[in-house]
Amino acid sequence: MNYYPILSRRPLPFNLVKISMATLTIILFTWLPIFTPTTAADTTYKSLNSKALTNTPPASLIIAELHLSRLLLQKIIMNYHLFSVKGSDPMYDQAIQTHIKSFDLLTISFPITLTDESHTATLESLSNNWKSFNQQLASNRKQVRKKGSANIQTTDDMMASAELLRIDLVDITTEVAIANHHRVKGSIAKARELTLIIQQLATDYAGRSSSSFGVSHKAQGIDKPIDVLAKEFSSKLDTLALHKGNNTEIKTLFRKIQTKWRFIEKPLENYTESSIPFLITRYSEHIISSLQKIASLYQ
């Protein structure tokens, strides 16, 4: 996982704070409040409240939103897999739609907050790839509702678009860091990295239950099997849990994470022997929620 370099060009406009705060507030209140295996993590971002962000540098806010966008993209894919597995279950269909709306809000805010011309090309790429992904996703959801499974080629194209979106989000994050002489605090970056890894695990595991897994796995350029990724998560989790800056509240959260992780660690390491995607995704949501709280406490 790459951290963000300390280089500088020009600061973000002052109104970025107000715009980003508004964006985050909208997102928080548009996510589904119902606690389900597919929507539980939507409540994890309540830690990103206005009071906590009052004195946060503008670049930190936009980088937090970009990180949130990466998580949302994976959640959309995860719920699409679950939607396919469950034969177009409306609960997962609604979760997909909710995440799409949240992602939309963020993509609308980016051109407003990132007015530097250096971001123009990447933002245009993001917009185009998001449009393509959305269209392909809509086509696949329609196909699943109608025939019970999606077209392989359209699924391949959709996952390829998702990978391009991920690259765009990483590139914009780097651009913002460079242009604003900003480096994400190491402990925060590591906590966010863990959220991305566990979300990727949940998405991949859900995908294994879907007929599109082989296609999607290849299209996203993923070269780490689930068991390898699980061991990586476990190692990095243990390391961060021993961070010298952890206070009592953070240590309590890590204990909760490790308890839940132990419950799903073995099924993930032996992912070829069983299929319990709904349990894995539910526990992953709990873990992501706690990791997001930890990241906010590291501020």
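Keep in mind that what you see is a predicted model, and the values were worked out from it rather than measured. (Residues numbered from 1 in each chain as written. Predicted model: local features only at pLDDT ≥ 70, side-chain atom pairs only at ≥ 80, totals over all residues. Heavy atoms only, no water.)

**Observations regarding the overall build of the chain**
Across its full length, the chain carries 11 helices and 0 strands. Its helices and strands taken in sequence order, the chain reads α-α-α-α-α-α-α-α-α-α-α from the N to the C terminus. Taking the contacts inside the chain whose residues are at least 6 apart along the sequence as the reference set, 83% of them involve residues at least 24 apart. Carbon and sulfur atoms make up 54% of the accessible area of the chain, which amounts to about 13400 Å² in all. (Helix = DSSP H or I, 4+ residues; strand = E, 2+ residues; numbered from the N terminus. Contact = heavy atoms within 4.5 Å. Areas by Shrake-Rupley, 256 points an atom, 1.4 Å probe, with all protein chains shown as cover.)

**Points about helix α6 (residues 152–179)**
Since there are 3.6 residues in each turn of an α-helix, residues three or four apart along the chain are aligned in direction. Across its 28 residues, α6 extends 41 Å between first and last C-alpha, which sits within 8% of the 40 Å expected from 1.5 Å per residue. Where α6 begins, the capping side chain belongs to N151, and its oxygen is found 2.9 Å from the backbone nitrogen of Q153. The first or second residue beyond α6 is H181, which carries a positive phi of 50°. (Expected span 1.5 Å × (residues − 1). Polar contact = N/O pair within 3.5 Å; in protein donor to acceptor, adjacent residues only side chain to side chain.)

**Observations regarding unusual backbone geometry**
Non-glycine residue H181 carries a positive phi angle of around 50°. Relative to the helices and strands, H181 is located in the loop between α6 and α7 (186–208).

**Structural notes on the packing of aromatic side chains**
Summed over the entire model, instances satisfying the criterion amount to 5 aromatic pairs. Centre to centre, the rings of W130 and F133 are 5.9 Å apart; their planes meet at 25°, and the pair counts as stacked. Placement of both W130 and F133 in helix α5 (residues 120–147) is noted, with a separation of 3 residues, approximately one turn of the helix. Across this residue pair, the class does not change: W130 and F133 are buried. Relative to Y283, the ring of F263 lies with its centre 4.9 Å away and its plane at 15°, an arrangement referred to as stacked. (Phe/Tyr/Trp six-rings, centres within 6.5 Å; stacked < 30°, edge-to-face > 60°. Buried < 20%, exposed > 50% of the residue type's maximum accessible area, 1.4 Å probe, protein only.)

**As for the packing of helix α3 (residues 58–85) against α5**
One can describe the packing of α3 onto α5 by two numbers: an axis separation of 11 Å at closest approach and a directional angle of 15°. Relative to α5, α3 is oriented roughly parallel. Once α3 is placed against α5, the crossing between them reads as left-handed. The residues of α5 that touch α3, namely those facing L73, I76, I77, Y80, F83 and S84, are W130, F133, L137, N140, R141, V144 and R145. In terms of residue class, the contact of α3 with α5 is made up of 9 nonpolar, 2 polar and 2 charged. (Axes fitted to C-alpha atoms, helices over the stretch in contact; angles between N-to-C directions. Parallel < 35°, antiparallel > 145°, perpendicular 65-115°, else oblique. Left-handed = near helix turned anticlockwise from the far one by under 90°. Nonpolar A, V, L, I, M, F, W, Y, C, P; charged D, E, K, R; others polar.)

**Here we look at the environment of A241**
If you trace the backbone, A241 turns up in helix α9 (residues 226–241). Separated by 14 residues in the primary sequence, A241 and R255 place their C-alpha atoms 8.4 Å from one another. Setting aside residues up to four positions removed in sequence, A241 forms contacts with N246, F254 and Q258.

**Digging into the nonpolar core**
Counting residues in hydrophobic clusters, the biggest one holds 68 residues, and the most contacted among them are F133, L201, F233 and W261. Listed by contribution, the elements that provide at least two residues to this core are α3, α4 (90–113), α5, α6, α7, α9, α10 (248–269) and α11 (277–297). It is α3 that contributes the most residues to this core, 13 residues altogether. Residues within four places of L201 in sequence aside, it is in contact with I226, L229, A230, F233, W261 and L268. (Core = buried A, V, L, I, M, F, W, Y, C linked by side-chain atoms within 4.5 Å.)

**Looking at the side chain of N246**
When you line up the elements, N246 lands in the loop between α9 and α10. The exposure class assigned to N246 is buried, which follows from its relative accessible area of 6%. Of the polar contacts made by the side chain of N246, one reaches the backbone oxygen of L240; its length is 3.0 Å. The contact partners of N246, leaving out residues within four places of it in the chain, are L240, A241, K251, F254 and Y298.

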